[in-house]
Amino acid sequence: MLELNSGQIRARFTTLGARLVALDFAGADVIMGGGTDSDILAGDWTTGAVAGRIAGRITNSRINIDGTEYPLVPNTGAHQLHGGPDNFSVRHWNVQSTENAVRFSLHSPDGDQGYPGALDVTATYAVNGATLSLDFAARTTKPTTVNLTNHTYWNLSGGARNAFAHEIEILGSHYLPLSAGLLPSGEIRDVTGTRWDFRELRKVSGVYDNCWVLDGPRGTLRHGLTLKDPVSGRTMEVWTTEAGMQMYTAEHWNEGFPGKTGPLQQYAAIAIEPQNFPDAPTHANFPSALLRPDDVYRHRMEWRFSV
């Protein structure tokens, strides 16, 4: 097990999925899921992992780049989820470790899960005081699509209370509605007057699985979300350079999924995924997920903790 310890936070990682498996802060481990690698693969393989090449769903497992259609490998009915059945979350990454940082790297060959271009990816975690950061970088040999995120499930009560008891603020005035198949419809809808309006800190209080359109320019590190356990006072700000913020209340968890401290319970944690809009290659009005050989994909996120 790899570890980073700043004295204020202690983070632990595994090479399977370049995964964040635990984070100790103010007397509690605030991450749920995890367990051994075999537990992870037998249960929810997304917990704490890097999702890719494309986080979220791709409608009908197809992308079009410069007029050429590429069929992808489906793993959720006709659609692809988080990069396909052999995605980045279920592979062991190479790793280099220093006192304050852990750098994971992965080579994804041309045609991997249907995606064109050989892709070389790095994911570098670092600690500084009460902040954990993650920097992604990726290069490709052919035009391709990339949308990387970290898929940690958070519970700032340390498991004493569930997702609905947390308070959350999302600094986004629009969100992406979903179709019946949990696919983005392509619409970008104002949150005003809806249950998706979290522009002021309030309790989660229900089931969510949506992406919010963050205010401010993509490519600039900015505050996107605040999560708080109102009983303990533990608070986490999430900062990102990406366009969107996915929030999901672990509806699919059940007692058949093993975790670090026992079976995972439905609604026991909140997945928070800073990322480009899911299904961006399908919708021309979404920010582009295209990466060309002369460019470098970059995405930085920070988790800032306080009490």
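On a predicted model such as this, the values are computed, not experimentally measured, just so you know.

A few words on unusual backbone geometry. In the segment running from Gly52 into Arg53, the intervening peptide bond is cis, with an omega of 10°. Locating Arg53 in the fold gives a position in the loop between β6 (50-51) and β7 (57-58). Here Ala18, not a glycine, exhibits a phi torsion of approximately 45°, which is positive. You will see that His82, though not glycine, has its phi angle at about 55°, which is positive. Inspection of the secondary structure puts His82 in the loop between β10 (80-81) and β11 (94-97). Of the residues examined, His82 reaches a relative accessible area of 6% and is grouped as buried.

This paragraph deals with the packing of aromatic side chains. Tallied over the entire structure, the rule returns 15 aromatic pairs. Ring centres of Tyr153 and Trp253 lie 4.5 Å apart, and the angle between their planes is 40°; on these two criteria the pair is classed as tilted. With Tyr153 in strand β17 (residues 153-154) and Trp253 in the loop between β25 (244-248) and β26 (270-275), the pair connects residues that are 100 residues apart, well separated along the chain. Of the residues examined, Trp253 reaches a relative accessible area of 2% and is grouped as buried. Plain terms: the ring middles of Phe277 and Phe286 are 5.2 Å apart, the flat faces sit at 80° to each other, and that makes the pair edge-to-face. Like Phe286, Phe277 is buried. Through successive ring pairs, a cluster of aromatic residues spans Phe25, Trp154, Trp303 and Phe305. Against the face of Phe198 rests Arg202, its NZ or CZ located 3.7 Å from the ring centre.

Parameters and conventions
Residues numbered from 1 in each chain as written. Predicted model: local features only at pLDDT ≥ 70, side-chain atom pairs only at ≥ 80, totals over all residues. Heavy atoms only, no water. Helix = DSSP H or I, 4+ residues; strand = E, 2+ residues; numbered from the N terminus. Buried < 20%, exposed > 50% of the residue type's maximum accessible area, 1.4 Å probe, protein only. Phe/Tyr/Trp six-rings, centres within 6.5 Å; stacked < 30°, edge-to-face > 60°. Lys NZ or Arg CZ within 6 Å of the ring centre and 35° of its normal.

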